[in-house]
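# Chain and residue survey
Now for the letters of each chain:
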Amino acid sequence: MFDIDKWQEILATIKKNKMRTFLTGFSVAWGIFMLMILLGSGNGLSNGVASNFMNDAVNAMWIWTGETTIPYQGMKAGRSIQFHNEDQDLVRKVAGIGVSSGRYFMGNTRYSYGKESGEYTTITCQPELIQVENIILKEGRFINEIDIVEKRKVIVLGTDIKTALFKDTTAIGEYVNINKVPFKVVGISAEPGSTRNRNAYMPVSTAQMIFGGNNRLHNLAVTINATTLEESKAIEEQVRNVLARKHKFDPKDEGALGLFNKLEAYIQTMKIFQAIKIFIWIIGIGTLIAGIVGVSNIMLIVVKERTKEIGIRKAIGASPSSVIGLILLESIMITTIAGYIGLVLGTGLMELINYFMVQSAAAAAAAGAAVSDQGGNNTMFLNPTVDITIAIYSTLLLIVAGAIAGYIPAKRAASIRPIAALRDE
Amino acid sequence: MIRLNNIHKSYEMGNNSLHVLKGIDLHIEQGDFVSIMGSSGSGKSTLLNILGMLDNYDTGTYHLAGNLIANMSEKKSAQLRNEMVGFVFQSFNLISFKNAMENVALPLYYKGVPRKKRNQIAMEYLEKLGLKEWASHMPNEMSGGQKQRVAIARALISKPKIILADEPTGALDSATSYEVMNILKEINQEGITVIIVTHEHDIAAMTSQIIRLNDGLIHEIIRNGELKKFQKEYIHGLEPA
């Protein structure tokens, strides 16, 4: 029931008791404010690290070969293992392997266009690499299946190479010489989360043909379909076994076959973050409890202080329920408004921090691109904001706690005989 | 109007119980102006609290305007207090964060009278008691006599049948005391029953009936001829009430 007279009575009481109102409100606002900052920082940290992982597909796996370190089936250690195209077909057949791209490493490659030239890294690949490494395409297209089949002489340039060779003119459709062989530029790419884009992508079949690779491969980049650490380990194990059987080396030989499983690292890091999140929640709940205790304390004092007033009100005809209602509504009103203020200040501060971080990150990226090519844009803190439902539930919790803490003594005060309340000095 | 029959009341004080009222039989008519006297601990304040439904009694019967007052719910007794009784206390018991007008208007809030209306009525009562200029003052800005007049206005605003005053002059000097007593007398002349508790003989002498309590029992009731003698004895050079 909305009774405007009742609210006027409450507003008048609040206006005349500013200190009491402030103290009640402050403990609630502070609790919510601290909670917002804690949870926001935790989220920021976890978002930041998660975004670093997103530079490549989280389920990416890289496989490369080396020399055997364990003697196997009568063969000595120190034998070098070499991938060929058929190895990719083998790996592709392993259950749980998603897309894959074989890569053939080329030595130094010199790019030239007109009078401009420079040495850059050439990554030979298949179309699937774009999915494994989350490559961003700025213009044109990436390597496609027809390029592979027809062994076309096409190239996708990183933005830095494009800028160095072509300046502001259009690069797509032009021919660059790579080790004196002309290649047609079909796309411009960028790498996620990096300030250097000095890689060029070439069809692996073309590279094998022109630069003497035959059917050799150095490296396989694949994605795996796994959600747990166990699944991902199982896939790893199978890949090892299949390739070990083919190339006759011990499946446990880490030297013969190198393997980096991004998902494994991702899952492990996320486990750490789970722990950090739990830790932050424990502190957050502690903060909330401190807030609840604060509100409860103040409500107890408020009711004690108002015992005589309750007696007076009852003597002149107030029913117990109207007295309790008055105290409770006042408490709920103060805690709601204070909670909201804490919420706005807390989220506001986190948004402000976020804003400045985005600004400084952008500035650092610009400076990094202009001055040096060292290092990526590895932020550890990103989007430090809090889920609004959590914020609202915490505020509601404090409001309810304040109401309960006020209700118990208010009920007692309202049920004692007015004469006893009046004697209370 | 008020009919008490063999009222007993005791208080639990830790392990031992204190028997305060030991069988009070009392009859007060509509329009009476009664004072209750007695030494400390004779039970006079307890009696007044029972009359005002601020406290309950152990045994006996209490009829107020024909209604038996016993084991009523808090809500019902609050409602009855609001309709029937106005209280005046020794320590005024004004709400400290409300100004004079708001204090006077408060009983009407619990009667559901709209704010504007009740403030207007409160102003009328303040004017009647000569406090119109003090309407917006807080209790701590007023003298004891003014505070007691505000309290009387608050007691009157709900148009009660009975005014119960517990040592209404206890915190006031004698000039202000007589002022307050004159106001109560005027109220009584309008037909409202006024019952005051006092230990001052001159104050009691201004009423039309004196009930002396002694050790939880009614010792004597002084009225008519005896009252004249009592008044002559205690009102020195003042106009008899």
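This one's a predicted model, so the numbers in the text were calculated from it and none came from an experiment. (Residues numbered from 1 in each chain as written. Chains lettered and ligands numbered in written order. Predicted model: local features only at pLDDT ≥ 70, side-chain atom pairs only at ≥ 80, totals over all residues.)

## Details of the overall build of chain A
Applied cut-off: Secondary structure elements are taken from DSSP: a helix is a run of H or I of four residues or more, a strand is a run of E of two residues or more, and numbering for both begins at the N terminus. In this scheme every C-beta is placed from the backbone, and a residue whose C-beta has 20 or more other C-beta atoms within 10 Å is buried, one with 12 or fewer is exposed, and one in between is partly exposed. By the convention adopted here, residues are in contact when the distance between their C-beta atoms, placed from the backbone, does not exceed 7 Å.
Secondary structure assignment for chain A yields 13 helices and 13 strands. Per-residue burial over chain A gives 39% buried out of 425 residues. Taking as baseline every contact in chain A between residues at least 6 positions apart, the subset at least 24 positions apart corresponds to 83%.

## Things to note about the sheet that holds strand S3 (residues 97-103) of chain A
Residues and elements named next belong to chain A. The cut-off we apply is this: Should DSSP find at least two bridges between two strands, the strands are regarded as paired. Angles here are taken between N-to-C directions and fall from 0 to 180 degrees, while the axes themselves are lines fitted to C-alpha atoms, restricted in helices to the stretch in contact.
Here we have 4 strands laid out as an open sheet, ordered S3-S12-S1-S13, and antiparallel in their pairing. Edge positions in the sheet fall to S3 and strand S13 (257-261), since each of these pairs with one other strand and no more. Each strand of the sheet is rotated relative to its neighbour by a mean of 20°, with strand direction disregarded. Pairing geometry for strand S1 (residues 60-65) and strand S12 (residues 219-224), over 5 bridges, is antiparallel. Residue pairing in the sheet places Ala 60 in a bridge with Thr 223 of S12.

## What to know about the packing of helix H5 (residues 144-157) of chain B against helix H6 (residues 174-189) of chain B
All names here are of chain B. This is how the line gets drawn: Throughout, the term roughly parallel applies to angles under 35 degrees, roughly antiparallel to angles over 145, roughly perpendicular to angles from 65 to 115, and oblique to all others. Note: crossing handedness is left-handed where the near helix turns anticlockwise from the far helix by less than a right angle, and right-handed where it turns clockwise. The nonpolar class holds Ala, Val, Leu, Ile, Met, Phe, Trp, Tyr, Cys and Pro. Asp, Glu, Lys and Arg form the charged class, and all remaining residues, Gly among them, are polar.
In contact at an axis separation of 10 Å, H5 and H6 are set at 15° when each is read in the N-to-C sense. With respect to H6, the axis of H5 lies roughly parallel. In this structure, H5 meets H6 at a crossing whose hand is right-handed. Together, Gly 144, Gly 145, Gln 148, Arg 149, Ile 152 and Leu 156 of H5 and Thr 176, Glu 179, Val 180, Ile 183 and Ile 187 of H6 make up the contact between the two elements. Taken together, the residues of the contact of H5 with H6 sort by class into 5 nonpolar, 4 polar and 2 charged.

## Regarding the interface of chain A and chain B
Counting residues at the interface gives 21 residues for chain A, matched by 21 residues for chain B. Put simply, the parts of the chain that give the side of chain A that touches chain B at least two residues each are helix H1 (4-16), helix H10 (307-315), helix H11 (320-371) and helix H13 (418-423) of chain A. If you tally residues by element for the side of chain A that touches chain B, the top one is H1(A), at 5 residues. Class assignment for the residues of the side of chain A that touches chain B results in 8 nonpolar, 7 polar and 6 charged.

## Notes on helix H2 (residues 74-84) of chain B
For H2(B), the complete set of buried residues consists of Ser77(B), Ala78(B), Arg81(B), Asn82(B) and Met84(B). Residues of H2(B) that are buried sit in contact with H10 of chain A together with strand S4 (59-64), strand S6 (85-89), helix H3 (100-109) and strand S7 (162-166) of chain B.

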